[in-house]
Amino acid sequence: MEALSISYPSHLRYSYDMDKLDTLFGSDVAVRDGRVTVNNAAALAGPRVDQLVRAAVFGSEGQRDHAKWLIWEIGQAVGVRAASIQDLYMARGRGEVGGFTVPAINVRGMSYDTARAIFRTAIKLDAGAFILEIARSEIAYTDQRPSEYVAVMLAAALREGFRGPVFIQGDHFQVNAKKYAADPYTEVDAVKALAREAIHAGFYNIDIDTSTLVDLSKPNLDEQQRLNYEVGIDILRTVRELEPRGVTVSVGGEIGEVGTHNSTVEELRAYMNGFNRCLPKGMAGLSKISVQSGTSHGGVVLPDGSIADVKLDLDTLERLSTVAREEYGLAGAVQHGASTLPDGAFNNFPKRETAEIHLATNFQNMLFDHMPGDLRAAIYDWLGTNAKEERKATDSDEQFFYKTRKKALGPFKRQLWDVPPNVAGALARAYDEKFTFLFNQLAIGGTAKAVAKYVSAPEQHRPTPRDAVSVAAAPDDAEAGE
């Protein structure tokens, strides 16, 4: 007898799919009339969260939206909430806290597993001052829209039993200089649209990067930095208009594009003086400032695939951080492109009172080192066809694949989430060791106490996806930022 096939109307399929998600935890999590009640928080540290987050990433459109909503609401119920680090950074600017450097970790591939390792480490070390971030470019090439990224980060925290504010950051919300030159209004509006999408999702920390507009051909520092601070203020206005009730988004500025000449105190002052001069009265300004002190995103790869030594100017970094705090009340300077530094460099950052460092590529390297050989070969074969335009005539295979393999993280996202358990386990152990090392070197162990003292994460309930107003996805730019 032929199997009966029934096609349900879309609204009935939605209801059926949502009922399955709503009853996933049985009586441990009750969903009724658009509100979520957690009756047994211990049930969240189990495999049913794995099922829920997979629905948020790989389910049908209705499943994805409902799973994201459910993760958000469960987090609200148990105190795992997206938060702004603004008040902690302002306390640092006042000299009330210090002696640690906040790691801002770009989670690109196998995001759920990677984030779980971060939260495991945080629990072990009682760390609270750490940031999970994704750049404008990474959103595009890793295929992680802000709403998905927030859901995955919060689900990872729930799965590991973490409790407390979760700092999720938009890294390098960057104005593309070429696109700005061709059509400034459209390009700036694209960054504003991304801010709108991200803040709606739960990104309450945003790095506005207009440093690409610095023009060194101008006759003085103020003119060189003018577009940087004026366009930055324009985007900041939009960010402040989008803030939910009770939240002041932590916003960072940038004076030197990573990989270019090292920043100077004079440049910092020119930018900050111009920025504060243009800042509308009563509007919260910046909490930190990114500078250049010798690093580059991803490091400089040599023909044999090794990474060139970095000449990090720690004295400059310390001076810039001091001026940022003492003259402008910021948390201090931010160091980008730090993950590929030698291990012996990291303990220098808290000693020099660096406010924040950004870490990305080395975790991606670890992922590629641990993935099955056949998957790596498939990725490299894909790159040979789909990224061939990016290959320079002088590139060795090692250089080409090292520079471009991040572009495969989106197209191969499902395969990376589905690596065999033995591979996932080995990578988890490697991540645990690496994050423990970094958190110790950056002295963020025990910072949960400072976070609890200064940071408030107000409860924010959301309507179910059926009742919510949707926010359009912003235009992608895979070449910006990281």
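Anything mentioned here points back to the structure above.
Everything numeric in this text was worked out from a predicted model, so none of it was measured. Counting of residues starts from 1 at the beginning of each chain's written sequence and follows it residue by residue. Owing to the predicted nature of the model, reporting of local features is limited to residues with pLDDT of at least 70; listing and counting of side-chain atom pairs is limited to 80 or more, with chain, interface and lining totals taken over all residues. With hydrogens and water excluded, all non-hydrogen atoms of the structure serve as input to the side-chain values.

**As for the pairing of strand β11 (residues 356–359)**
Rules: Residue burial is assigned from relative accessible area. The probe radius is 1.4 Å, only protein chains are included, and a residue is buried under 20% of its type maximum, exposed over 50%, and partly exposed in between. Secondary structure counts use DSSP, requiring at least four H or I residues in a row for a helix and at least two E residues in a row for a strand, with both numbered from the N terminus. In this description, strands pair whenever DSSP reports at least two bridges between them.
Residues E356 and H358 line one face of β11 and the alternating positions I357 and L359 line the opposite face, and both faces are buried. Where strand β4 (residues 102–106) and β11 come together, 4 bridges link them in parallel fashion. Looking across to β11, one finds that I105 is bridged to L359. Pairing geometry for strand β10 (residues 333–335) and β11, over 2 bridges, is parallel. Within β11, the residue paired with Q335 across the bridge is I357.

**Notes on the packing of aromatic side chains**
Note on aromatic pairs: each is described by the distance of the centres and the angle between the planes. The following threshold applies: By convention, a stacked pair of Phe, Tyr or Trp rings (six-membered ring in the case of Trp) has centres within 6.5 Å and planes under 30 degrees apart, an edge-to-face pair has planes over 60 apart, and any other such pair is tilted. Only when the NZ of Lys or the CZ of Arg is both within 6 Å of the ring centre and within 35 degrees of the ring normal is a charge said to sit over the ring.
In this structure the tally under the stated criterion is 17 aromatic pairs. Relative to W417, the ring of F58 has its centre 5.2 Å away and its plane inclined at 90 degrees; by these criteria the two rings are edge-to-face. Here W417 lies in helix α17 (residues 413–417) and F58 lies in helix α2 (residues 47–58), a separation of 359 residues in the sequence. With relative accessibility at 8%, the residue W417 sits in the buried group. Taken together, a centroid distance of 6.0 Å and an interplanar angle of 10 degrees make the contact between Y112 and W417 stacked. In this pair, Y112 sits in helix α5 (residues 111–125) while W417 sits in helix α17, placing the two residues 305 residues apart along the sequence. Connected via pairs of aromatic rings, a cluster forms that spans F119, F130, F162, F363, Y431, F435 and F439. Across from the ring centre of F100, 4.9 Å away, lies the NZ or CZ of R92, which sits over that ring. One cation-aromatic arrangement involves R462 over W72; the distance from NZ or CZ to the ring centre is 3.4 Å.

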